[in-house]
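Residues per chain, in single letters:
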Amino acid sequence: MIANVLDGIVFGIQLGLWAAGLTLVYGLGGVLNLAHGQIAVISAVALAFGMDAGLPVLPAAGLALLVGGVVGLFLDLTILRPVYRLQGEARVLLSLLLTLGVAFIVDGFLNWRYPGRSLSLFIGGGAIEILGVPMRRGSLLASAITLVAFAALFSFFRFTALGRAVRSVIEDEEGARLVGIDPARMLRLILVLSGVLAALVAVTRSMVVSVDVQAGFGITVLALIVTVVGGLGSVSGALLAGIILGIVNVIAADVIGTFMSLVILLLAAAVTILMRPSGLLGVEE
Amino acid sequence: MLEVTGLAAGYEGNDVVEDVSFHVDPGEAVMIIGSNGAGKTTLFRSVVGLLAPSSGEVRYEGAGITGVPAQRIVRLGISFVPAERRLFPRMTVQENLALGAYPGRPDPGTTELVMDLFPRLAERRRQRAGTMSGGEQQMLAVGRALMADPRLIVLDEPTTGLAPKLAAEAYEALSALRDRGLTVLVAEQQVPLAMAFSDRGYVLENGRIRTQGTSAELADDPDVRRAYLGIT
């Protein structure tokens, strides 16, 4: 049981970080990026190629983060242009359709060119015992990196003027404009950041399990569920919901079976929406 | 300082205000009065860049600023305080004020001025804006606008939702700011307060300027007295 909980936390904080990028982009600009998982996969592929080309692991990981950020920027500059002309529901719907299209294209291309390709980073050394449970070094390193990333994210939003500016757009876009903040520039920044975060999780995830080229939609769906449960626009909500759902997922897979765990996660999301429409820590409208 | 000529603006092709011209000179306090739905908010939104005018011109300190977006207008020295205040409810008073100075750091002198003007804000620095009373939120909205160190402050119905005593206090604060050389443009339904405060005014009716004059002239105008001052 303790082992399940610990494995759930390892998985959950990674889910939380994936969801953080998704929830920020949505909270900030009403854009639902269904290609989020594909950004992670493209970054993982970049890391695999970097290492094949003889790069040491750290520069290759740096390359992966760069690729993630560039893909985020690319989406902002191209496919999302028409989306920005719309408001409200139409904006959400068009962003959903267009990014879904991008996701299909990326998936199709990767499957055609690199079928069966996957990334796994092997972290050597023996297991370390935590609360009596032997944990693999890869899982622990991945968790440490993820938690540091969360801490950096929280500090950015709390202590920097730029981070406050991003939050202000989430709280009241018109109010933000009145103090001189350009919401479009903040959204571009956050799309780049969410791409970098997607890449970072792809890298750390590959220390725990292998990430294959078809993983994109699975990542997006999980991140979406976590986003809904945590509350749109809330990074702390994404972390909390990620941990809870990560634990639920591992226990469900262990007790009932992997085939049912996604159904149970969807149920958890549905129950959350019924009981708290704005999510665990979401902004009440 | 601010010169608006033949301005028309509205929503989805329907102009709410038409052919509106007015000006504000440096150091002046100017009011735009009118009843609910006269078009005061639409007019102000199109002046400060929240709404693109369909025709006409806005000039500020000699330069055309028609259609310039709000986030750039505030950098030019015009701060707008909307009637809905548009604060950041889950942020503290201090964070709201700091954002007023974005992208710079909050200037200590300006912060002190705001705290002197509204001591309540100093007491509530760490309180979230959304949990404060209407009067306190209005103070914070004005305080946040001042943090940008504007030369012209534009206020849309600053007394909305305030009890009479607080409404009077709001105008006392505006008078104090005026004495420090700030130029003020205010839209108001509570005409007696605005009239006592302003040098000049314009009466907006059905989206057009109906009459204008010094506050003393308007106070003597029989139509204005009947419609806005409740005197027959």
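Note that the structure is a prediction, hence the values are computed from the model and not measured.

(A) Looking closely at the overall build of chain A. Helices and strands together make up the secondary structure of chain A, namely 12 helices and 4 strands. On C-alpha atoms alone, chain A measures out to a radius of gyration of 18 Å, which is about the 19 Å that the 2.2 N^0.38 rule sets for 285 residues. The C-alpha extent of chain A, read off along each of the three principal axes, is 55 × 45 × 35 Å. Put simply, chain A has 285 residues, and 52% of those count as buried.

(B) Molecular detail of the domain arrangement of chain B. Residues and elements named next belong to chain B. For chain B, the assigned domains read domain 1 (1-77 + 153-162 + 183-232) and domain 2 (79-149). Spacing between the C-alpha centres of domain 1 and domain 2 amounts to 24 Å. In this complex, domain 1 contributes 14 residues to the contact, which on the side of domain 2 involves 15 residues. Interface area for domain 1 against domain 2, summed over the two sides, is near 1,200 Å², with a carbon-plus-sulfur share of 62%. For domain 1, the biggest contributors to the area lost against domain 2 are Arg75, Ile153 and Asp156; these three give 34% of the whole. At the boundary of domain 1 and domain 2, one finds 0 salt bridges. Seen at the junction of domain 1 and domain 2, the total is 5 residue pairs in polar contact (both at pLDDT 80 or more). Looking at the side of domain 1 that touches domain 2, the elements that each hand over two or more residues are α2 (70-76) and β7 (152-156). Among the elements that line the side of domain 1 that touches domain 2, the one with the most residues is β7, at 4 residues. In terms of residue class, the side of domain 1 that touches domain 2 is built from 9 nonpolar, 2 polar and 3 charged.

(C) The arrangement of the packing of helix α7 (residues 161-171) of chain A against helix α9 (residues 183-205) of chain A in detail. Residue and element names in this part refer to chain A. Closest axis-to-axis distance for the α7/α9 pair is 10 Å, and the angle between their directions is 110 degrees. Taken together, α7 and α9 sit at an angle that is classed as roughly perpendicular. For the pair α7 and α9, the sense of crossing is left-handed. Here Leu162, Ala165, Val166 and Val169 of α7 lie close against α9, whose contacting residues are Pro183, Met186, Leu189 and Ile190. Counted by class, the contact of α7 with α9 contains 8 nonpolar, no polar and no charged residues.

(D) Highlighting the packing of aromatic side chains. The full count for this structure, using the stated rule, is 8 aromatic pairs over all chains. Ring centres of Tyr171(B) and Phe197(B) lie 5.5 Å apart, and the angle between their planes is 65 degrees; on these two criteria the pair is classed as edge-to-face. With Tyr171(B) in helix α7 (residues 164-179) and Phe197(B) in helix α8 (residues 191-197), this residue pair connects regions lying 26 residues apart in the sequence. With respect to burial, Tyr171(B) and Phe197(B) carry one shared label: buried. Sitting over the ring of Trp112(A), Arg113(A) keeps its end group 5.6 Å from the ring centre. In this structure, Arg117(A) is placed above the aromatic ring of Phe49(A), and the distance from its NZ or CZ to the ring centre is 5.1 Å.

(E) Structural view of the nonpolar core. The biggest cluster of nonpolar side chains holds 83 residues, and the ones touching the most others in it are Leu17(A), Trp18(A), Leu28(A), Leu47(A), Phe157(A), Ile181(A) and Met186(A). Considering every element that reaches this core, the biggest residue donor is helix α1 (residues 2-29) of chain A, with 13 residues.

(F) Seen up close, the sheet that holds strand β2 (residues 14-24) of chain B. Residues and elements named next belong to chain B. Pairing is antiparallel in the open sheet, where 4 strands are placed in the order β2-β1-β4-β5. Either end of the sheet is taken by a strand with one partner, and the two such strands are β2 and β5 (63-64). Where strand β4 (residues 55-60) and β5 come together, 2 bridges link them in antiparallel fashion. Directly across from Tyr60, in β5, lies its bridge partner Ala63. Taken strand by strand, helix α1 (residues 40-47) contacts β1 (2-11), β2 and β4, and its axis lies near 115 degrees from that of β1.

(G) Layout of unusual backbone geometry. With omega at 5 degrees, the peptide bond leading from Tyr102(B) into Pro103(B) counts as cis. Along the polypeptide, Pro103(B) turns up in the loop between α3 (93-100) and α4 (108-117). At Leu131(A), a position not held by glycine, the phi torsion is positive, near 50 degrees. The backbone phi angle of Asp149(B) is positive, close to 55 degrees, even though this residue is not glycine.

Thresholds applied
Each residue is numbered by its place in its chain's sequence as written, counting from 1. Going through the entries in the order they are written, you letter the chains from A and number the ligands from 1. Only residues with pLDDT of 70 or above have their local features reported here, since the model is predicted, and side-chain atom pairs are shown and tallied only from 80 upward, although totals for entire chains, interfaces and linings are computed over all residues. Only hydrogens and water are set aside when side-chain values are computed; all heavy atoms of the structure are taken into account. Helix and strand definitions here come from DSSP, where helices need a minimum of 4 consecutive H or I residues and strands a minimum of 2 consecutive E residues; each element is numbered from the N-terminal end. For this measure, only C-alpha atoms enter the radius of gyration; the expected value for a globule follows 2.2 Å times N^0.38, where N is the number of residues. The cut-offs for exposure are 20% and 50% of the maximum accessible area for each residue type, with area from a 1.4 Å probe on protein chains only; residues under the lower value are buried, those over the upper are exposed, and the others partly exposed. Where each domain begins and ends is defined by an automated method or by a domain database. Contacts between residues were defined by any pair of non-hydrogen atoms, one from each residue, lying within 4.5 Å. When two parts are brought into contact, each loses some accessible area as probed by a 1.4 Å sphere; the total of that loss over both is the buried area. Note on definitions: salt bridges are taken to be side-chain nitrogens of Lys or Arg within 4 Å of carboxyl oxygens of Asp or Glu. Any pair of nitrogen or oxygen atoms within 3.5 Å is treated as a polar contact; in protein, a donor-acceptor pairing is required on top of that, and neighbouring residues in sequence qualify only through side-chain atoms on both sides. Basically, the charged four are Asp, Glu, Lys and Arg, the nonpolar ten are Ala, Val, Leu, Ile, Met, Phe, Trp, Tyr, Cys and Pro, and anything else, Gly included, counts as polar. Lines fitted to the C-alpha atoms define the axes, with helices restricted to the stretch that makes contact. Angles between their N-to-C directions range from 0 to 180 degrees. Roughly parallel refers to an angle under 35 degrees, roughly antiparallel to one over 145, roughly perpendicular to one between 65 and 115, and oblique to any angle outside these ranges. Working rule for handedness: look at the near helix, and if it is turned counterclockwise from the far one by less than a right angle, call the crossing left-handed; if clockwise, right-handed. Aromatic pairing here means that ring centres of Phe, Tyr or Trp (its six-membered ring) are within 6.5 Å. Orientation follows from the plane angle: under 30 degrees is stacked, over 60 is edge-to-face, and everything else is tilted. For a Lys NZ or an Arg CZ to count as sitting over a ring, it must be within 6 Å of the ring centre and within 35 degrees of the ring normal. Throughout this description, the term nonpolar core refers to a set of buried Ala, Val, Leu, Ile, Met, Phe, Trp, Tyr and Cys residues connected via side-chain atoms within 4.5 Å. Only strands that DSSP links by at least two bridges are regarded as paired with each other.

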